[in-house]
Each structure stands twice: as structure tokens, then as C-alpha cells.
Amino acid sequence: MNLVAILGFDVGGSSIKFSVMSEEGQIMRKGSILTPDNLEDFYSELVAAKEGLAAAYELEGAAFSLPGAVDDEAGVIGGASALPYIHDFNIKKALEEKLGLPVTMENDANCAALGEVWLGAAKYCQDVVFLVIGSGVGGAVVKGRRVHHGCHLHGGEFGFMVVDDKGTVLSEAASTRALAEHVALAKGMDKDALNGKEVFELQANGDRIAQEAIEDMYSQLARAVYNIQYSFDPELFVIGGAISEREDFVENITRHLHAILDKVGIARIRPQVTRAEFGNAANLIGAVYHFLQQKQ
């Protein structure tokens, strides 16, 4: 008798990761394929992956983590992504027909948040904010262990928060891409001459420009966390993205949070901030958790 399991797909611009996972969250098989550049090949690769696993597992359904403004109820992905062919039609219905399985789908950042809520850093929490720091600043809002999408599917789009009178948004002030560009331009270099890792290496070697830029990034993120705390009031903030793996990253955001709280005497709640446990694997875990939630 085949094991009962859920097939998960994490669709990215360059690769599609997939897994077979139990309802308890145990990953029993995983793999990866290159992301095709057209819709028909996209379907074909997904079907081939499913058929290669169906002999060993009794698949309940397929859970997708996808880029864009994903509307699971309508079956449509709005917005834009590196995969234009997945947008603006009922792709959920098409996937169900191609795979012969029930399908659920959710935005990738929302899946990452759900993965941390189900089995990761926020597994004991109900209300959580997930912040992803990368080429932009994104994230998710989780209320009662379910994603809060908002009426325009923009819940958790923290990168659009305005940080000054010039209309600068948080993604332009506190992402790793913005950090690297600011330091490069301050040094008279081409804006694409550095990456985030190189900026932190400059800081470690005593570079003043890098040090000031990194401190400003921490300050901007701490201000965002403070403002979200006093608007949504979550139990926990989980920080994701490759930069969050730095040992001192959360510590430095917390340091700047304390500086804000010292100035705002009326504020008694100290936001709790931690880093994500799963990295990229959270997308697959969260996609499956979303599937299980939709079954209830």
C-alpha cells in the first residue's frame, strides 16, 4: 500500500523545487527541475515530476508556492513575475486538469511564513509578521495561523512603506540591493559594483561608509518593526532572506528597536524578533500547510 502524501511545488524564476510530504510535515522525497520558458513545457515538467512519484505515494493533492498576487479562491495569479506565462488566467483549474489532483496555491512569501508558523521559528504562535530582506523587502501577515491577504492581495507588502518625505519606500532604504547601491554610489563606483556580502566585508575591515549604511539599514528595519508592532500587534517577527543568516543581524535590529523604545516613553511593548529556521525550504513546507488548511 502506497504512503499517503502531498506533492509540493515551489516555483521560482530559475528552478522548480518539489517534494513529497506527509501531513505531519515529514519530507519523504525531494528534487528540482529547471523552470521552463513557456507554459506547455511548464505543464509537462510538472506532470513528469508527479508521474515519477505517483507509483510510490498515494498523492492527496498538489500544493504550489508561486510568485505574484496569488488568488487561490479565484485560481488566478495577478501582478507580475519572472514567469509572465503563469499570470491572468485560471491556472489553478488548468493545473488540476493536467495533474489529475486537487490543487492549492499561495504566494511564495506567504508560503515561507506559513512554513515557519507550522514547524519553524513561529510554531507556537498565532499572530506573526514575516519579513523577507533581499533585493527588496517583502513579507507576510499571519493572523490565527492563516495568511491575511488583504482586499487587494497586498497584505505583507512592507517594502511599499514610505520612510521619508521624498517618497522613498522601505525596499529602497533597507534591502540588500539598496544597501549595496548606496555604498557603491557613495564611493564613486557604478551602482552595481558591489553586493550586500561585499558591503559587510567592507564594514568588517573598518570602512566608515559601509558601517554608516549598514547602521541606517538596521535603523530603517527597526522603525518598520516598531510601527507594525503598534498597528498589527503580532506575537513575533520572523526575519527571512539570506542576510538573516548573519549571526548578529537580528541582534542589531533589536538594538535599534531598544533605542526607539527608549525615546518613546509611552511604548511598553517590546517587539520580539527572531530569524527564520528553514530558509528556502519554508516555501515548500508552507505550501503543504496551506493545502492542509484548505482541507479543513
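In the block above lies the structure referred to throughout.
Anyway, here's the lowdown on the structure attached to this text. (Residues numbered from 1 in each chain as written. Predicted model: local features only at pLDDT ≥ 70, side-chain atom pairs only at ≥ 80, totals over all residues. Heavy atoms only, no water.)

Brief notes about the sheet that holds strand S10 (residues 146–147)
Within the open sheet, the 5 strands sit side by side as S10-S9-S8-S11-S12. Their pairing is mixed. A single partner strand is all that each edge strand has here, and the edge strands are S10 and strand S12 (273–275). When strand S9 (residues 137–143) meets S10, the two strands line up antiparallel, connected through 2 bridges. Along S10, the bridge assignment pairs valine 142 with valine 147. (Pairing = 2+ DSSP bridges. Helix = DSSP H or I, 4+ residues; strand = E, 2+ residues; numbered from the N terminus.)

Describing the sheet that holds strand S2 (residues 15–21)
Pairing within the open sheet is mixed, and its 5 strands lie in the order S3-S2-S1-S4-S7. In this open sheet, the two strands that pair with only one neighbour each are strand S3 (27–34) and strand S7 (103–107). Across the sheet, the mean angle separating the axes of adjacent strands is 20 degrees when strand polarity is ignored. Here 5 bridges tie strand S4 (residues 57–66) to S7, and the two strands are oriented parallel to one another. (Axes fitted to C-alpha atoms, helices over the stretch in contact; angles between N-to-C directions.)

Regarding the pattern of salt bridges
Applying the stated criterion across every chain yields a total of 11 salt bridges. Salt-bridge contacts for arginine 177 lead to glutamate 181; the nearest nitrogen and oxygen are separated by 3.6 Å. With arginine 177 and glutamate 181 both in helix H5 (residues 176–186) and 4 residues apart, the pair spans about one turn of that helix. Judged by relative accessible area, which is 35%, arginine 177 ranks as partly exposed. Here glutamate 181 falls in the buried class, since its relative accessible area comes to 17%. Taking the shortest distance from any N to any O, the salt bridge between arginine 208 and glutamate 212 comes out at 3.1 Å. Taken as a pair, arginine 208 and glutamate 212 lie in helix H7 (residues 208–229) at a separation of 4 residues, close to a single helical turn. We classify glutamate 212 as partly exposed; its relative accessible area is 46%. (Salt bridge = Lys/Arg side-chain N within 4 Å of Asp/Glu carboxyl O. Buried < 20%, exposed > 50% of the residue type's maximum accessible area, 1.4 Å probe, protein only.)

Digging into the packing of aromatic side chains
Taken as a whole and assessed by the stated rule, the structure comprises 7 aromatic pairs. Between the aromatic rings of phenylalanine 9 and phenylalanine 18, the centroid separation amounts to 6.4 Å while the plane-to-plane angle is 50 degrees, which identifies the pairing as tilted. Comparing phenylalanine 9 with phenylalanine 18 shows no difference in burial state: the two are buried. Aromatic rings pair up to connect Phe9, Phe18 and Phe64 into one cluster. (Phe/Tyr/Trp six-rings, centres within 6.5 Å; stacked < 30°, edge-to-face > 60°.)

Side note on the nonpolar core
Burial of nonpolar side chains together is a common tendency in soluble globular proteins. One finds Leu131, Ile133, Leu179, Val199, Met217 and Phe249 to be the most contacted residues of the largest nonpolar core, which totals 37 residues. If one sorts the elements of this core by residue count, H7 sits on top with 11 residues. Those residues within four positions of methionine 217 in sequence are excluded, and the remaining contacts are Ala173, Ala174, Ser175, Leu179, Phe200, Ile243 and Phe249. If you look at the next biggest cluster of nonpolar residues, it comprises 32 residues, including Phe9, Tyr43, Tyr57 and Leu83. (Core = buried A, V, L, I, M, F, W, Y, C linked by side-chain atoms within 4.5 Å. Contact = heavy atoms within 4.5 Å.)

A closer look at unusual backbone geometry
A positive phi angle is found at aspartate 88, which is not glycine, with a value near 70 degrees. Tracing the backbone shows aspartate 88 in the loop between strand S6 (76–78) and helix H2 (91–99). Positive phi outside glycine occurs at aspartate 233, with the angle close to 60 degrees. Structurally, the position occupied by aspartate 233 is in the loop between H7 and strand S11 (236–240). Looking at aspartate 233, the relative accessible area reads 43%, which means it is partly exposed.

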